[in-house]
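What follows is the residue order along each chain.
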Amino acid sequence: MKEVSHKKAAILGLQHLLAMYSGAVAVPLLIGTALKFNTTQMTYLVSIDIFMCGLATLLQLFRNCYLGIGLPVVLGCAIQAVAPLELIGQKFSINTMYGAIIVAGIFVFCIAGWFSKIKKLFPPVVTGSLITVIGLTLIPVAFQNMGGGTATAKNFGDSKYLITAFATILVIILIELLAKGFLKSIAVLIGLIAGTVLASFLGMVSLTSVLQASWFHLPQFFYFGKPEFEWSSSVTMIIIALVSMVESTGVFFATSDLLKQDVNEDDLKRGYRAEGLAQIFGGIFNTFPYTTFSQNVGLLQLSGIKTRRPIFWAAGLLMGLGLLPKIGAIVTIIPISVLGGAMLVMFTMIAVQGIKMLLKVDLSDNRNILVIALSVGLGLGVTSYPQIFQHLPQTVQLFLGNGIVVASLSATLLNLIFKGKEGLNSK
């Protein structure tokens, strides 16, 4: 695979960073607000979280005999961990929250070898269904951001949000149609810049966050205090970690299919170990659990650049921004509607990637059609109405409230029920 120059890789890395930045900072902002952190605490939480996103990404990129899947993937905070961490922090303490994160990270690291054997359960009919659901379940998130970020707000869908969102999409489309070479590969970056410039003329861009941010910040061990361990909190975070592992598995397969590169059990084991170690570091530095982000897969497809060099740059830039909060805050001036427009393009690309995988499946076999139909239907249904399981035990809700996990479980089980051992390697 042809490698790009460092100059071009740095620009592509910035594009990857912008694609995942809002998702990465959302977790510390949500949890910090819920736990009533002051400005100093919030500054540390956001900046060091960004630093850890870069470190976690490097752990996956540097492939060795122990850890790192070696695929061009980006890691960020697991959004599904927000509600459980808020509950743990409010019911027990911040230190208990970080103790539970460390325990869950150790658990992931220890079971990586066993969990990697699930590759046999992921033939193309299952993988394609899962990746399609990943893309489709993310599309409503993009639409919500295009409308302003909060669907219940009175100004949701305001004309300035829609203008900037669709202008961003239009610029990306025009670059894809008219540009050539490297310029075409950074269509999303150009779209984000153009959308932000337009938003500034509409009074949507504020530099307050940049002015208030500090210049330099170093990571600190146990910034909020030494971790405390409580069994129910640890079990809760272990369940969340398992959910993240299932999601990451889908991203690993989507990326490997895009690169036309096989992923074996050893690769998966190293990938899970890297995520487990990243989670342990998250607890030690008082940040959060980390998981492989799916939005960057769509960016790989759109840019056409599928090597690791841009991701190394993205990781380095993330770590740099984490150490320089004032510089990192510049990224936050991009309006949510502009990000939403770019997200819509990237998330739909993930869904299309899943559909492409399903085209390799024998669709003349009604069993395959049922696997696809039911798993996609259940995954999207749960994403739309997760409260359907509200009367089940809380532990069960943590699993079944996630549409991607439901799609994965249903596709796997249905494939085995319909085909038995034949389903382990079916097309």
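Refer to the structure presented above.
Note that this is a predicted model, so its numbers are computed, not measured. (Residues numbered from 1 in each chain as written. Predicted model: local features only at pLDDT ≥ 70, side-chain atom pairs only at ≥ 80, totals over all residues. Heavy atoms only, no water.)

1. Examining helix H11 (residues 265–284)
Side chains three or four residues apart in an α-helix point the same way, a direct result of the helix having 3.6 residues per turn. The end-to-end C-alpha distance of H11 is 29 Å, a good match for the 28 Å that 20 residues give at a rise of 1.5 Å each. When you tally the buried positions in H11, you get 14 out of 20 residues, the bulk of the element. Capping the start of H11 is the job of one residue whose side-chain oxygen sits 3.1 Å from the backbone nitrogen of Asp266: Asn264. The first or second residue beyond H11 is Asn286, which carries a positive phi of 60°. (Helix = DSSP H or I, 4+ residues; strand = E, 2+ residues; numbered from the N terminus. Expected span 1.5 Å × (residues − 1). Buried < 20%, exposed > 50% of the residue type's maximum accessible area, 1.4 Å probe, protein only. Polar contact = N/O pair within 3.5 Å; in protein donor to acceptor, adjacent residues only side chain to side chain.)

2. Thoughts on the packing of helix H5 (residues 124–146) against helix H16 (residues 366–384)
Where H5 contacts H16, the axes come no closer than 9 Å and their chain directions differ by 25°. If you check the angle between H5 and H16, you find them roughly parallel. By crossing handedness, the relation of H5 to H16 is classed as right-handed. Where H5 approaches H16, its residues Val125, Ser129, Val133, Leu136 and Thr137 are matched on the opposing element by Asn368, Val371, Ile372, Ser375, Val376, Gly379, Leu380 and Thr383. (Axes fitted to C-alpha atoms, helices over the stretch in contact; angles between N-to-C directions. Parallel < 35°, antiparallel > 145°, perpendicular 65-115°, else oblique. Left-handed = near helix turned anticlockwise from the far one by under 90°. Contact = heavy atoms within 4.5 Å.)

3. A word on unusual backbone geometry
The phi torsion at Lys260 lies on the positive side, around 55°, for a residue other than glycine. Looking at the secondary structure, you find Lys260 in the loop between helix H10 (231–259) and H11. Looking at Lys260, the relative accessible area reads 76%, which means it is exposed. Even without a glycine there, the phi angle at Asn286 is positive, about 60°. Tracing the sequence through the fold places Asn286 in the loop between H11 and strand E2 (290–292).

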